[in-house]
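# Structural overview for review
Residues per chain, in single letters:
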Amino acid sequence: MVLLRQLLGDVLRRLRLRQGRTLREVSAAARVSLGYLSEVERGQKEASSELLASICKALGVPLSHVLREVADQLALAELQQEPVMAGAPPEHERLEEGLDRESISADQIPSTPEEITGEFRADMVAA
């Protein structure tokens, strides 16, 4: 199971490392303890919205950008996992009954947020 706090921590760590900044620098700028920021980045602590806003401000990145990246990562993770439906028969029983599910090839999965939003915009214009 993919945990939101782990995805969020991964995104925050990636952004910090891209900037070449240390945990100490970002924690001081965000006014959060170094240990707590480390735990957030490792997905061990749930960060409040206020703390996330402070970390994003320290990184110079809009919170919406971070949340968008997390949402994209979560969507990809969900596509890679077997859907679980309460009360549904196991996969082998569904296949035996001829209820074969539609498969998605890797080249059908958007690789960037722009591809995803572009598809949504095209759908909205067509509607």
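Let me sum up the structure you'll find in this document. (Residues numbered from 1 in each chain as written. Predicted model: local features only at pLDDT ≥ 70, side-chain atom pairs only at ≥ 80, totals over all residues. Heavy atoms only, no water.)

Now for the overall build of the protein. Helix and strand counts for the protein come out as 7 helices and 0 strands. Going from the N terminus to the C terminus, the protein shows its helices and strands as α-α-α-α-α-α-α. The buried share of the protein, reckoned over its 127 residues, is 25%. Residue pairs at least 24 apart in sequence account for 62% of intrachain contacts in the protein once pairs closer than 6 positions are excluded. (Helix = DSSP H or I, 4+ residues; strand = E, 2+ residues; numbered from the N terminus. Buried < 20%, exposed > 50% of the residue type's maximum accessible area, 1.4 Å probe, protein only. Contact = heavy atoms within 4.5 Å.)

The phi dihedral of Arg 31 falls on the positive side, at around 60°, and the residue is not glycine. Relative to the assigned elements, Arg 31 resides in the loop between helix 2 (23-30) and helix 3 (34-41).

Leu 12, Ile 55, Leu 59 and Val 66 are the most contacted members of the largest nonpolar core, which has 21 residues in total. When contributions to this core are tallied by element, the ones reaching two or more residues are helix 1 (4-18), helix 2, helix 3, helix 4 (49-59) and helix 5 (63-80). Broken down by element, the residue count for this core peaks at 6 residues, all from helix 4. Look past the residues within four positions of Leu 12 in its chain and what remains in contact with it is Val 40, Glu 41, Leu 52, Ile 55, Leu 59 and Val 66. (Core = buried A, V, L, I, M, F, W, Y, C linked by side-chain atoms within 4.5 Å.)

Over its 15 residues, helix 1 runs 21 Å from end to end, which matches the ideal 21 Å to within 8%, given 1.5 Å per residue. All buried positions along helix 1 are accounted for by Leu 7, Leu 8, Gly 9, Val 11, Leu 12, Leu 15 and Arg 16. Packing partners of the buried residues in helix 1 comprise helix 2, helix 3, helix 4 and helix 5. Looking one or two places after helix 1, you find Gly 20, whose phi comes out positive at around 70°. (Expected span 1.5 Å × (residues − 1).)

It is worth spelling out the pattern of salt bridges at this point. Going through the model one piece at a time under the given rule, you end up with 4 salt bridges. For Glu 46, the salt bridge goes to Arg 5, with nearest N and O atoms at 3.6 Å. With Glu 46 in the loop between helix 3 and helix 4 and Arg 5 in helix 1, this pair connects stretches of sequence that are 41 residues apart. Since its relative accessible area comes to 55%, Glu 46 is described here as exposed. (Salt bridge = Lys/Arg side-chain N within 4 Å of Asp/Glu carboxyl O.)

This next bit is on the packing of helix 1 against helix 5. Look at helix 1 against helix 5: their axes get within 9 Å of each other, and the N-to-C directions meet at 125°. For the element pair helix 1 / helix 5, the angle class is oblique. Handedness of the crossing formed by helix 1 with helix 5: right-handed. Where helix 1 abuts helix 5, its residues Leu 4, Leu 7, Leu 8, Val 11, Leu 12, Arg 14, Leu 15 and Arg 18 lie against His 65, Val 66, Glu 69, Val 70, Gln 73 and Leu 74. Looking at the contact of helix 1 with helix 5, its residues break down into 9 nonpolar, 2 polar and 3 charged. (Axes fitted to C-alpha atoms, helices over the stretch in contact; angles between N-to-C directions. Parallel < 35°, antiparallel > 145°, perpendicular 65-115°, else oblique. Left-handed = near helix turned anticlockwise from the far one by under 90°. Nonpolar A, V, L, I, M, F, W, Y, C, P; charged D, E, K, R; others polar.)

This part takes up the side chain of Arg 16. Mapping Arg 16 onto the fold places it in helix 1. Engagement of the side chain of Arg 16 in a polar contact is seen with the backbone oxygen of Arg 21, the distance being 3.0 Å. Sequence-distant contacts of Arg 16, defined by excluding residues within four places in its chain, comprise Arg 21, Thr 22, Leu 23, Val 26, Glu 41 and Leu 59. (Polar contact = N/O pair within 3.5 Å; in protein donor to acceptor, adjacent residues only side chain to side chain.)

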